Amino acid sequence: MSRADQSHRRRKNPLAAVFRAVGIILLIAIIAICVPLIVPKTMGYQLYTVVSGSMEPAVPTGSLVYIKYVEPGDIETGDIIAFYGSDAQGSIITHRVVSNSNAMGEFITKGDANEDRDDAAAVPTNVIGRVIFHIPYLGYLLNFMKTRNGFFFLLLLPCMIILFVESISLLKNFWAYQDEKKALKEGKSENASDEQAPSEQEALPDGLQKEPGDAEMLNFEGPTEETSEQQRPEAQE
């Protein structure tokens, strides 16, 4: 089988095509998950997950918000900011600025879904930054990835599947290469044997080579003259 035939056969293998498609899909999924989580951090963004519905419908629960630090003087009314709350836990709050009191050096905030303003104003030293954009429900995925099961199913397991698929593909290509190499070697050996083996005509010395049809011609020749004379009865005696 030629190299082209073997390559064509490998390309037509449906199982290998399915494995490769699964590997590509998983790789794309991993990249799609990691890009919005890693790339923004290299650009100075901080990522937080919204765990309450106080900012709905503008920012749904489970959204992943991207926050970038800005100077307190650049914050305007209507901006959504993230800041540390005044409680003992220091929870992070993401609310909209409804009043910017520069004279008092504080921001009055309120959740879009809340009826009342926040009890405590946000001071500039507690402000983390302004919400630049958000991706709905991606925060759920981020929180799940932080768990042991999420790390296994979303990162470790896909990587293991991709490694397995690529290993199978490499082994198949290696086996095909070995078979092709063996077949090529056997073909060269047969050609060398044919070239080295002399024919019957070439092995005979000069002058003793048979002409085609000699044996057949001898079978049909009549008796020789000497034989005829020996078989003739002696009439004189």
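Quick look at the structure, then. Each residue is numbered by its place in its chain's sequence as written, counting from 1. With pLDDT at 70 or above as the cut-off, local features in this predicted model cover only qualifying residues; side-chain atom pairs require 80 or more to be listed or tallied, and sums for whole chains, interfaces and linings still use all residues. Note that the side-chain values use all heavy atoms of the structure and ignore hydrogens as well as water.

What counts as a salt bridge is simple: a side-chain nitrogen of Lys or Arg found within 4 Å of a carboxyl oxygen of Asp or Glu. Inspection of the entire model under this criterion finds 2 salt bridges. A salt bridge links Arg130 to Asp79; the shortest N-O distance between them is 3.2 Å. Here Arg130 is found in strand β6 (residues 127–135), whereas its partner Asp79 is found in the loop between β2 (64–68) and β3 (80–84), with 51 residues between them in sequence. Put simply, Asp112 and Arg96 hold a salt bridge, and the shortest N to O gap is 2.8 Å. Of the two residues, Asp112 is situated in the loop between β5 (106–110) and β6 and Arg96 in strand β4 (residues 92–101); the sequence distance between them amounts to 16 residues. When a residue's accessible area, from a 1.4 Å probe over protein chains only, is under 20% of the maximum for its type it is buried; when over 50% it is exposed; and in between it is partly exposed. The partly exposed category is assigned to Asp112, whose relative accessible area is 31%. Using a relative accessible area of 22% as the deciding quantity, one classes Arg96 as partly exposed. A run of DSSP states H or I qualifies as a helix once it reaches four residues; a run of E qualifies as a strand once it reaches two. Both are numbered from the N-terminal end.

Stacked, tilted and edge-to-face pairs are distinguished by plane angle, under 30 degrees for stacked and over 60 for edge-to-face with tilted covering the rest, among Phe, Tyr and Trp rings (Trp via its six-membered ring) whose centres lie within 6.5 Å. Under the defined criterion, the tally for this structure stands at 4 aromatic pairs. Ring centres of Tyr45 and Phe133 lie 5.9 Å apart, and the angle between their planes is 70 degrees; on these two criteria the pair is classed as edge-to-face. Note that Tyr45 is positioned in the loop between α2 (14–42) and β1 (46–49) and Phe133 in strand β6, a separation of 88 residues in sequence. Pairing Tyr66 with Phe133 gives two aromatic rings, centres 4.3 Å apart and planes at 15 degrees, and the pair type is stacked. In this pair, Tyr66 sits in strand β2 while Phe133 sits in strand β6, placing the two residues 67 residues apart along the sequence. On the accessibility criterion, Tyr66 (0% relative accessible area) is buried.

Looking now at the sheet that holds β6. Between any two strands, at least two bridges found by DSSP are needed for them to pair. Spatially, 6 strands are ordered β1-β2-β6-β3-β4-β5 in an open sheet, and the strand pairing comes out antiparallel. Each of the sheet's edge strands pairs with one partner strand only, and the pair in question is β1 and β5. If you compare each strand with its neighbour and ignore which way they point, the axes differ by 50 degrees on average. Axis definition: a line fit to C-alpha positions, over the contact stretch in the case of helices; interaxial angles, taken between N-to-C directions, run 0 to 180 degrees.

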